[in-house]
Amino acid sequence: MHIHCFCSLLFLLLTSSRADALFGHGVFRCQFTSTEDIVYLLQLYVNKLLLIEYNSTLGKYAGYTEKAKKIADAINLNSSILRQEKKNEMKCKTQFPLLLESMGSHLEPSVSLRSVDAAGSKHPGMLVCSVYYIYPKPIRVTWLRNGKEVISDVTSTEELSNGNWLYQIHCYLEFTPTPGEKISCMVEHASLKEPKLYDWDPTSESQNNKIAVGTSGLLLGLVFFVAGLISYKKNHFGRVLVATS
Ligand SMILES: *[C@@H]1O[C@H](CO)[C@@H](O)[C@H](O)[C@H]1NC(C)=O
Ligand SMILES: *[C@@H]1O[C@H](CO)[C@@H](O)[C@H](O)[C@H]1NC(C)=O
C-alpha cells in the first residue's frame with residue numbers, strides 16, 4: 001500500500017516589464033507515493049503556463065517553450081544551481097518522511113461505536129465501529145463477543161481515504177443481543193502499543209463524542225509543516241527571480 005501525498009507551496013512574483021505585467025508563480029513540490037519513492041519538483045509558471053521545471057528523477061531543468069529551453073540548458077550548465085537542487089532533493093527525502101512519521105506516531109485513531117438500523121438483516125441488531133484519523137493506513141478492526149473474535153455476520157469497508165493523508169474505516173456487526181454478553185470492537189494499529197478494546201454499552205448511545213480527539217495533534221503538525229515550507233521557500237526565492245529574467 002502506498003501513501004499518496006503531495007505537498008506544495010505557492011509564491012508569487014510580479015515582473016513589471018513596461019505596462020503589461022507578467023504574473024508568475026513557482027511551486028516547490030515534494031511528491032511521494034512511499035518513503036522510498038520521493039520526487040522533488042520545482043516548477044515555474046508565467047501567466048499560468050509551465051515554463052521551466054526541475055525534476056529530481058531527471059536531475060536537471062527542462063524548458064517547455066523555445067526560450068525556456070534555452071534558459072534551462074544554460075541553468076543545467078551551472079553546477080552551483082544543480083548542487084543546490086540536489087540539496088533541496090535531500091531535504092525533501094529526509095525531512096518530509098520524518099514529519100509524516102512524527103505526526104503518525106502521535107495520531108491515535110479515534111473510535112466511535114454505535115448501533116444502526118439493521119433493516120434487511122436476519123439479526124435484530126447491528127453495530128458499527130467507526131475508526132477515524134487513521135495514519136498510517138494499515139489497521140485491523142475486529143469484533144469480540146465475550147473476548148472471542150466474531151467471524152460471521154461481520155462486514156467492513158475498505159480503508160477510505162480522507163484525501164488528507166488520513167483514512168477511516170467502518171466495521172459492521174449483525175447480532176442478536178443476548179443478556180450478559182460483552183461485545184467489543186478491537187483496534188490494532190501502529191500508534192497503539194497493544195490492541196485497544198472499545199466495549200459496547202447498550203445503555204448509552206452517546207459513544208460517538210471521541211471523534212474530535214486527535215485533531216489538535218494534526219493541527220500542530222501542520223503548523224510546523226507550513227513554517228518549514230515557508231523558510232524553505234525564502235531560501236530559494238532570490239534564485240528563481242534570476243532564472244526568469
Ligand atoms: C519526473 O520525471 C520522471 C522521469 O522522466 C517522470 O516519470 C515523472 O512523471 C516526472 N514527474 C513529473 C511530475 O513531471
Ligand atoms: C550560477 O548561478 C549562480 C546563481 O544564480 C550565479 O551566481 C553564478 O554566477 C552562476 N555561475 C555561472 C558559471 O554561470
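Above this text you will find the structure in question.
Here the structure is a predicted model, which is why all the values come from computation and not from measurement.

Considerations on the nonpolar core
Core analysis: the largest hydrophobic core is formed by 21 residues, its most contacted members being Cys129, Val131, Val141, Trp143, Cys185 and Val187. Setting aside anything within four residues of it in sequence, one finds Val141 in contact with Cys129, Val131, Ile169, Cys171, Cys185 and Met186. If you look at the next biggest cluster of nonpolar residues, it comprises 18 residues, including Phe32, Tyr40, Tyr61 and Ala68.

Some thoughts on the sheet that holds strand β8 (residues 139–145)
With antiparallel pairing, 4 strands are arranged side by side in an open sheet as β9-β8-β13-β14. Only two strands of the sheet have a single partner each, and these edge strands are β9 (148–149) and β14 (196–199). For β8 and β9, the ladder comprises 2 bridges, and the chain directions are antiparallel. Bridge pairing links Arg145 to Lys148 in β9.

Comments concerning the site of ligand 1
As a matter of local geometry, ligand 1 sits amid Leu41, Glu53, Asn55, Thr57 and Leu58. Here an oxygen atom of ligand 1 sits 2.3 Å away from a polar atom, N or O, in the side chain of Asn55. Considering ligand 1 on its own, with 360 Å² of exposed area, one finds that the protein chains cover 47% of that surface. Of the residues belonging to the shell around ligand 1, the class tally is 2 nonpolar, 2 polar and 1 charged.

Re the packing of aromatic side chains
Counted under the stated rule, the structure contains 2 aromatic pairs. Seen in terms of ring centroids, Tyr40 and Tyr54 are 5.8 Å apart; in terms of plane orientation they differ by 50°. Their pairing is tilted. With a gap of 14 residues between them, Tyr40 in strand β3 (residues 37–46) and Tyr54 in strand β4 (residues 49–55) connect regions that are remote in the sequence. With respect to burial, Tyr40 and Tyr54 carry one shared label: buried. Among the aromatic side chains, those forming a connected cluster through ring pairs are Tyr40, Tyr54 and Tyr61.

Quick notes on the rules
Residues numbered from 1 in each chain as written. Chains lettered and ligands numbered in written order. Predicted model: local features only at pLDDT ≥ 70, side-chain atom pairs only at ≥ 80, totals over all residues. Heavy atoms only, no water. Core = buried A, V, L, I, M, F, W, Y, C linked by side-chain atoms within 4.5 Å. Buried < 20%, exposed > 50% of the residue type's maximum accessible area, 1.4 Å probe, protein only. Contact = heavy atoms within 4.5 Å. Pairing = 2+ DSSP bridges. Helix = DSSP H or I, 4+ residues; strand = E, 2+ residues; numbered from the N terminus. Near = heavy atom within 4 Å. Polar contact = N/O pair within 3.5 Å; in protein donor to acceptor, adjacent residues only side chain to side chain. Areas by Shrake-Rupley, 256 points an atom, 1.4 Å probe, with all protein chains shown as cover. Nonpolar A, V, L, I, M, F, W, Y, C, P; charged D, E, K, R; others polar. Phe/Tyr/Trp six-rings, centres within 6.5 Å; stacked < 30°, edge-to-face > 60°.

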